[in-house]
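Each chain, letter by letter, is given below.
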Amino acid sequence: MEDYKKIRDPQTAKIAMDLHLAKFNYFMAKSDWKAAVGELQHALNAVVEILDHANKTLKKIADRYQQNKGITNIPKVESTLKTEKLSEDTVLIEYPGNKIVLKKI
C-alpha cells in the first residue's frame, strides 16, 4: 500500500496508523530519529484520513436528518477539519483553534 495515496476505508487507515506507530517505536528504540519522524508523519496522515471520513459521515447524517424531518432551522454541519494542499509535498490542516503543516520527506 502506498502511503501517499488517499486511504478511503477508515479500517484500512486504522491498520496503516497502527503499522506506522509500530515502526515509529522500532526506530525510536534504534535512535534513528529521521526515520522515526517519517513514520510518525505517516501515522498522522492516517489519523487525518480517519477524521476526514468521520467528518463526511457526520455531514451526511445531518443532511439526511434535515431532509427526513423537514427541519429548516437547524444549521448545516460545517466541516471542522479543513485541508489545503500548499505544494506537491506540503499540506495545511486546519481545525478549530489549531493549524498544522505536514511536509512529505
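Residues numbered from 1 in each chain as written. Predicted model: local features only at pLDDT ≥ 70, side-chain atom pairs only at ≥ 80, totals over all residues. Heavy atoms only, no water.

A.B. asks: Help me get a handle on a nonpolar patch on the surface, residues and values and all.
C.D. replies: The grouping of Leu21, Leu40 and Leu44 at the surface amounts to a nonpolar patch, some 210 Å² of accessible area in total. Secondary-structure assignment places Leu44 in helix α2 (residues 33-69). (Patch = residues over 30% accessible without salt bridge, like charges linked within 9 Å, V, L, I, M, F, W, Y side chains within 5 Å. Areas by Shrake-Rupley, 256 points an atom, 1.4 Å probe, with all protein chains shown as cover. Salt bridge = Lys/Arg side-chain N within 4 Å of Asp/Glu carboxyl O. Helix = DSSP H or I, 4+ residues; strand = E, 2+ residues; numbered from the N terminus.)

A.B. asks: Give a detailed account of helix α1 (residues 10-29), specifying residues and quantitative values.
C.D. replies: For α1, built from 20 residues, the straight-helix expectation of 28 Å at 1.5 Å per residue is met to within 8% by its first-to-last C-alpha distance of 29 Å. Those residues of α1 that fall on the buried side of the exposure criterion are Ala13, Ala16, Met17, His20, Phe24 and Phe27. Looking straight down α1, one finds its buried side chains confined to an arc of 105°; they lie on one side. Across from the buried face of α1, at angles greater than 90 degrees, the exposed residues are Gln11, Ile15, Asn25 and Ala29. A positive backbone phi angle near 60° is found at Ser31, which sits one or two residues after α1. (Expected span 1.5 Å × (residues − 1). Buried < 20%, exposed > 50% of the residue type's maximum accessible area, 1.4 Å probe, protein only. Arc of directions from axis to C-beta.)

A.B. asks: Outline unusual backbone geometry, listing residues and values.
C.D. replies: With phi around 60°, Ser31 is a residue other than glycine that occupies positive phi space. Summarising the element assignment, Ser31 is placed in the loop between α1 and α2.

A.B. asks: With reference to specific residues and values, describe the environment of Asp9.
C.D. replies: In this fold, Asp9 is placed in the segment before α1. On the basis of relative accessibility, which here comes to 34%, the residue Asp9 falls in the partly exposed class. Remark: the alpha-carbon pair of Asp9 and Ile50, spanning 41 residues in sequence, is separated by 8.2 Å.

A.B. asks: An account of the pattern of salt bridges is needed here, citing residue identities and associated values.
C.D. replies: Tallied over the full model, the rule gives three salt bridges. As a salt-bridge pair, Asp18 and Lys14 come within 2.8 Å of each other at their nearest N and O atoms. One end of the pair, Asp18, and the other, Lys14, are both in helix α1, four residues apart, so they sit about a helical turn from each other. Residue class for Asp18 comes out partly exposed when judged on its relative accessible area of 36%. As a salt-bridge pair, Lys56 and Asp52 come within 3.3 Å of each other at their nearest N and O atoms. Of the two residues, Lys56 and Asp52 both sit in helix α2, four residues apart, roughly one turn of that helix. A relative accessible area of 40% places Lys56 in the partly exposed class. By relative accessible area, Asp52 is classed as buried at 17%.

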